[in-house]
Amino acid sequence: MQLVWHRNQYWLHVTVEKPALQKVRGDVTAAIDPGEVHTATITDGKEALVVSGRLLRTLHRLRNKVLRKFQKAISKTHKGSNRRRKLLAAKYRFLNNIERRIEHTMHTISATVARWCLVRNVKTVYIGNPDGVQKKDCGRKHNQRVSQWAFGKLRELLEYKLKRHGIELVPVDERGTSGTCPVCGEYTKQTGRVYRCGNTSCGFTGIHRDVLGASGILDKCVNGGFTRGRKLPAAVDYLRPQVLAPKRAA
Ligand SMILES: [Zn+2]
């Protein structure tokens, strides 16, 4: 055990020995469609899990909003003043708190996804790379940076957690996966959360857009392209990560 001084406060580092990790048996393939509204949607072709991104977005927004307030207040103080010292300490306390909560949420999400894979004997997971999509995003630059950082961090955590069970995470190009119709194969740009095929002679609809996206990534990676009339995940579960820490901003 170690007592460590970090960011204006003491941290207790504890080393614990954990039981040996269960290794994956079987060689099922799955795919993940990452996103803003839904942090991750995973499918093995039969079932799907949709993880809500609401909590992560709320925490990111809160972090940026409060941080801006701190910066503004700090900029009005004199260098070396008591007021500035107090504000800086409060800022670090806040950052510690909120960043731990963001990290905790990401750990919860990646652990849930890893467990999901383990019980379904998933050996390989393809994950869509949204970089291309996000660059085209017209949202505010700041939000974009945060989400890119969050996506990178989440992928890192996921890769680490999966690897411990002997599961491989493979990044792939996800272009076209959430817009290509699983029935007729035509591409339609999507605007809503429920998929709608724009081909009037087809008109397929009724599946969650991100579930279709994950299913499309899986299809592309396993079969080398989109299969017309492919089977879609029949069972869809939803996970909404909850706040465990008290709602204290600073
Ligand atoms: Zn169609």
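For the structure itself, consult the block above.
A quick note: this is a predicted structure, and the numbers were derived from the prediction, not measured.

Turning our eyes to something else, we now look at the overall build of the protein chain. Scanning the protein chain for helices and strands turns up 5 helices and 10 strands. Classification of the 250 residues of the protein chain by burial places 41% in the buried group. Put simply, 64% of the contacts in the protein chain that link residues at least 6 apart link residues at least 24 apart. For the protein chain, the computed accessible surface area is about 15,200 Å², with 52% contributed by carbon and sulfur atoms.

Right, let's get into the side chain of Asn 96. Relative to the helices and strands, Asn 96 resides in helix H2 (residues 82–119). Polar side-chain contacts of Asn 96 include one of 3.0 Å to the side chain of Gln 9.

Moving on, we come to the coordination of the zinc ion. Only Cys 181 (SG), Cys 184 (SG), Cys 197 (SG) and Cys 202 (SG) from the protein coordinate the zinc ion, and they sit 2.3 Å from it. For the zinc ion, the 4 donor atoms in the first shell make angles of 106 to 113° at the metal, so the coordination geometry reads as tetrahedral. All donors of the zinc ion belong to a single chain; written as a sequence motif, their spacing is C-x2-C-x12-C-x4-C. Assessed through its relative accessible area of 2%, Cys 181 is described here as buried.

Under the criterion given, the structure shown has 5 salt bridges. Of the charged contacts in the structure, one is a salt bridge between Arg 120 and Glu 47, with a shortest N-O distance of 3.1 Å. Taken together, the residues Arg 120 in the loop between H2 and strand E6 (122–129) and Glu 47 in strand E5 (residues 47–52) connect sequence positions 73 residues apart. On the basis of relative accessible area, Glu 47 is assigned to the partly exposed category, the value being 28%. Note that Arg 193 is salt-bridged to Asp 210, the shortest N-O span being 2.8 Å. With Arg 193 in the loop between strand E7 (168–173) and strand E8 (194–196) and Asp 210 in helix H5 (residues 209–223), the pair connects residues that are 17 residues apart, well separated along the chain. With relative accessibility at 9%, the residue Asp 210 sits in the buried group.

Rules and cut-offs
Residues numbered from 1 in each chain as written. Predicted model: local features only at pLDDT ≥ 70, side-chain atom pairs only at ≥ 80, totals over all residues. Heavy atoms only, no water. Helix = DSSP H or I, 4+ residues; strand = E, 2+ residues; numbered from the N terminus. Buried < 20%, exposed > 50% of the residue type's maximum accessible area, 1.4 Å probe, protein only. Contact = heavy atoms within 4.5 Å. Areas by Shrake-Rupley, 256 points an atom, 1.4 Å probe, with all protein chains shown as cover. Polar contact = N/O pair within 3.5 Å; in protein donor to acceptor, adjacent residues only side chain to side chain. Donors = N, O, S within 2.8 Å, 3.2 Å for Na, K, Ca; no water. Tetrahedral: all angles 85-135°; square planar, octahedral: opposite > 155°, others 65-115°. Salt bridge = Lys/Arg side-chain N within 4 Å of Asp/Glu carboxyl O.

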